[in-house]
Amino acid sequence: MVVVVLFVFLSATLYFLGSNVRGIFYSTAKPVWKAEEVLLKPFSFIFNFFQTKNSLIAENIFLKDENSSLRLKVTDYENLTSENNDLKNQLGRIDNADKIISRILSKPPFSPYDTFVIDAGERDSVSVGSKVFISDSIVIGTVKSVTGSTSLVELFSSGGFKHEFILLRTGLSLTLEGQGGGNFKIEVPKDTDVVWGDTFVYPGLSSQIVGNVYFVETNDQSSFKTIYLRTPLNVFGSKYVFIEKASI
Amino acid sequence: MKTPLARTASFFVTFVLVLSLPWWVSAVLLLLLTIYFDFYLEVLFFGFLLDSLYFGEKTYIYPSLTIATISLLIISFVKTRIRT
């Protein structure tokens, strides 16, 4: 009996006073999360001590090569971005979404629901529904709830989450279903034009990438094919995210 | 080992661990504590904590809290049956 009463009481508290309770718990949890990061940081590269010199040399050479090729790509990217913005300006469509950087306090696998806790809240002009980016053009989710100095971010890839996104190559609009961990799935008729490597973007003026197709599963006996997508960057490897500021 | 002091100390230690360990480790830990202690009501608080921190929906059913309640009821029932 006590258990049931407590269950009802706690559920009602969460339902009616959710944001207040969340605010109290976030302020209690924040020092623990920060201390954990400081304490674990020195041990994060502990396995590198056991690598051989040869493998480190090979990795170093590979990374140098990759770095120089990426530098060239960055130059191209900057040129194209400024050209794209100029064209939009000439057409009278200015994409002036303001973003703020925020530190991730807690993320999966610590959170069971594919959600992030970040250290920016109402005071930083973050509001419910603000888009969250992992880089300039990769959007990963939206703000689900906000307290004064923290926010809860739900990933588009959260299990069961369904949202309509645009296939960049053809402009086709399809509903992706979240599978958790930055993965998505979609089932479409076999003759739908979606191929390996295709990019899906968030509907809007600027192309905000949501995910890339990495596997297409077809079956001779089925008239549908299943398409698997994932976010281009490892969502859980990042320490910072960028949040679109609420327009005032 | 099951003194009120031990139970209080374990509550604070578990609180820190739930915040800093992956959720499945916390889940196993909470399950073990529910089995170890008699009528471990604290598990409801930890379910409540997980839902407040990470579950953004406004709904009537909160997953962690519900699972914690069901687990506590089942474990308490089984423990009572084993004793009698």
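One can find the structure itself at the top, above this paragraph.
Here goes a summary of the coordinates provided. Counting restarts for each chain, with residues numbered from 1 along the sequence as it is written. Chains carry letters and ligands carry numbers; both start at the beginning, A for chains and 1 for ligands, and go up in the order they are written. With pLDDT at 70 or above as the cut-off, local features in this predicted model cover only qualifying residues; side-chain atom pairs require 80 or more to be listed or tallied, and sums for whole chains, interfaces and linings still use all residues. Excluding hydrogens and water, the side-chain figures rest on all heavy atoms present in the structure.

### Quick word on the overall build of chain A
- Working definition: helices are DSSP H or I runs of at least four residues, strands are E runs of at least two. Numbering for both runs from the N terminus. Helix and strand content of chain A: two helices and twelve strands.
- If you list the helices and strands of chain A from N to C, you get α-α-β-β-β-β-β-β-β-β-β-β-β-β.
- For chain A, the C-alpha atoms occupy an extent of roughly 60 × 50 × 50 Å along the three principal directions.
- For the exposure calls, accessible area comes from a 1.4 Å probe over protein chains only, and a residue counts as buried if that area is under 20% of its type's maximum, exposed if over 50%, partly exposed in between. Taken over 248 residues, chain A has a buried fraction of 37%.
- In what follows, a contact means two residues having at least one pair of non-hydrogen atoms within 4.5 Å. In chain A, the proportion of contacts linking residues at least 24 apart, taken out of those at least 6 apart, comes to 57%.

### Observations regarding the side chain of B:Asp51
- For B:Asp51, the position within the fold is in helix H3 (residues 42-54).
- Within the buried core, B:Asp51 has no salt-bridge partner, and the shortest N-O distance to an opposite charge, that of A:Arg22, equals 8.6 Å.
- Residues contacting B:Asp51, with those up to four places away along its chain left out, are A:Leu14, A:Tyr113, B:Tyr62, B:Pro63, B:Ser64 and B:Leu65. Just so you know, the count uses Lys and Arg for positive and Asp and Glu for negative, and it drops His and the chain ends. By salt bridge we mean one thing: a side-chain nitrogen of Lys or Arg within 4 Å of a carboxyl oxygen of Asp or Glu.

### A look at the packing of aromatic side chains
- Two rings belonging to Phe, Tyr or Trp (six-membered ring only in the last case) form a pair when the distance between their centres is within 6.5 Å. Interplanar angles under 30 degrees mark stacking, angles over 60 mark edge-to-face geometry, and anything in between is tilted. Under the definition given, this model contains 23 aromatic pairs over all chains.
- Aromatic side chains A:Tyr15 and A:Phe16 sit 5.0 Å apart centroid to centroid with 85° between the ring planes, which places their arrangement in the edge-to-face category.
- Residue class for A:Phe16 comes out exposed when judged on its relative accessible area of 62%.
- Where B:Phe11 meets B:Phe46, the ring centres are 5.3 Å apart and the plane angle is 35°; that geometry is what we call tilted. In this pair, B:Phe11 is assigned in helix H1 (residues 4-20) and B:Phe46 in helix H3, connecting sequence segments 35 residues apart.
- The exposure class assigned to B:Phe46 is buried, which follows from its relative accessible area of 0%.
- Through pairs of rings, three or more aromatic residues link up here, namely A:Phe25, B:Phe11, B:Phe12, B:Phe15, B:Phe45, B:Phe46 and B:Phe48.
- The criterion is that NZ of a Lys, or CZ of an Arg, lies within 6 Å of the ring centre and within 35 degrees of the ring normal, and then a charge sits over that ring. The positively charged end of A:Lys99 is found above the aromatic ring belonging to A:Phe133, 4.3 Å away from the centroid.
- The ring centre of A:Tyr214 lies 4.0 Å from the NZ or CZ of A:Arg230, which sits over that ring.

### Points about the pattern of salt bridges
- Under the definition given, this model contains six salt bridges over all chains.
- A salt bridge links A:Lys131 to A:Glu244, with the nearest nitrogen and oxygen atoms 4.0 Å apart. Note that A:Lys131 is positioned in strand S3 (residues 131-133) and A:Glu244 in strand S12 (residues 240-244), a separation of 113 residues in sequence. Take A:Lys131 and A:Glu244: they sit in the same class, and that class is buried.
- The partner of B:Lys79 in a salt bridge is B:Asp38, with the nearest N and O atoms 3.7 Å apart.

### Side note on the interface of chain A and chain B
- Contact residues are listed per partner, giving 29 residues for chain A and 33 residues for chain B.
- Each of two parts loses accessible area, computed with a 1.4 Å probe, when they are put together; buried area is these two losses added. For the pair chain A and chain B, the two sides together bury roughly 3,000 Å², of which 75% comes from carbon and sulfur.
- Our count for the contact surface shared by chain A and chain B stands at zero salt bridges.
- Polar contacts, as used here, are pairs of N or O atoms within 3.5 Å; protein pairs need one atom able to donate a hydrogen and one able to accept it. Residues neighboring in sequence count only if both atoms are side-chain atoms. Counting across the chain A and chain B interface gives ten residue pairs in polar contact (both at pLDDT 80 or more).
- For the side of chain A that touches chain B, the secondary-structure elements that each account for two or more residues are helix H1 (2-40), strand S2 (115-118) and strand S5 (151-155) of chain A.
- Element by element, the count of residues in the side of chain A that touches chain B is highest for H1(A), at 18 residues.

### Observations concerning H3(B)
- Over its 13 residues, H3(B) extends 19 Å from the first C-alpha to the last, a length consistent with the 18 Å expected when each residue adds 1.5 Å.
- Buried within H3(B) we find B:Glu42, B:Val43, B:Leu44, B:Phe46, B:Gly47, B:Phe48, B:Leu49, B:Leu50, B:Asp51, B:Ser52, B:Leu53 and B:Tyr54. Residue count minus one, scaled by 1.5 Å, sets the expected span of a helix.

### Description of the environment of A:Ser19
- By the element assignment, A:Ser19 lies in helix H1.
- Residue class for A:Ser19 comes out partly exposed when judged on its relative accessible area of 44%.

### Quick notes on the pairing of S5(A)
Residues and elements named next belong to chain A.
- Within S5, five of the five residues are buried, leaving the element largely enclosed by the surrounding structure.
- Because side chains alternate across S5, one face comprises the buried residues Ser-151, Val-153 and Leu-155, and the other comprises Leu-152 and Glu-154, equally buried.
- The rule for pairing is simple: two strands pair if DSSP sees at least two bridges between them. Both S2 and S5 contribute to a ladder of four bridges, which runs antiparallel. Residue Val-117 lies in a different strand from S5, and its bridge partner there is Leu-152.

### Considerations on the sheet that holds strand S8 (residues 183-189) of chain A
All names here are of chain A.
- Strands sit in the order S6-S7-S8-S11-S10-S9 around a closed barrel of six strands; the barrel is antiparallel. Sheet twist, expressed as the average angle between the axes of neighbouring strands with direction ignored, equals 45°.
- Strand direction decides the pairing type here: strand S9 (residues 199-202) and strand S10 (residues 208-218), joined by four bridges, are antiparallel. By the bridge assignment, Val-201 is partnered in S10 with Ile-209. Lines fitted to C-alpha atoms define the axes here, with helix axes fitted over just the stretch in contact, and angles between the N-to-C directions of these axes take values from 0 to 180 degrees.

### Notes on a nonpolar patch on the surface
- Only residues above 30% relative accessible area that lack a salt bridge enter a patch, with like-charged residues linked at up to 9 Å and the nonpolar side chains Val, Leu, Ile, Met, Phe, Trp and Tyr linked at up to 5 Å. Per-residue accessibility takes into account occlusion by the displayed protein chains alone, with areas from the Shrake-Rupley method and a 1.4 Å probe. There is a patch of nonpolar side chains on the surface, built from A:Leu39, A:Leu40, A:Phe43, A:Ile46, A:Phe47, A:Phe49 and A:Phe50 and spanning about 900 Å² of accessible area.
- Tracing the backbone shows A:Phe47 in the loop between H1 and helix H2 (53-90).

### Topic: the pairing of S10(A)
- Where S9(A) hands over to S10(A), the hairpin turn is made up of five residues, counted between the paired strands.
- Hairpin remark: S10(A) followed by strand S11 (residues 224-230) of chain A, antiparallel, with five residues in the connecting loop.

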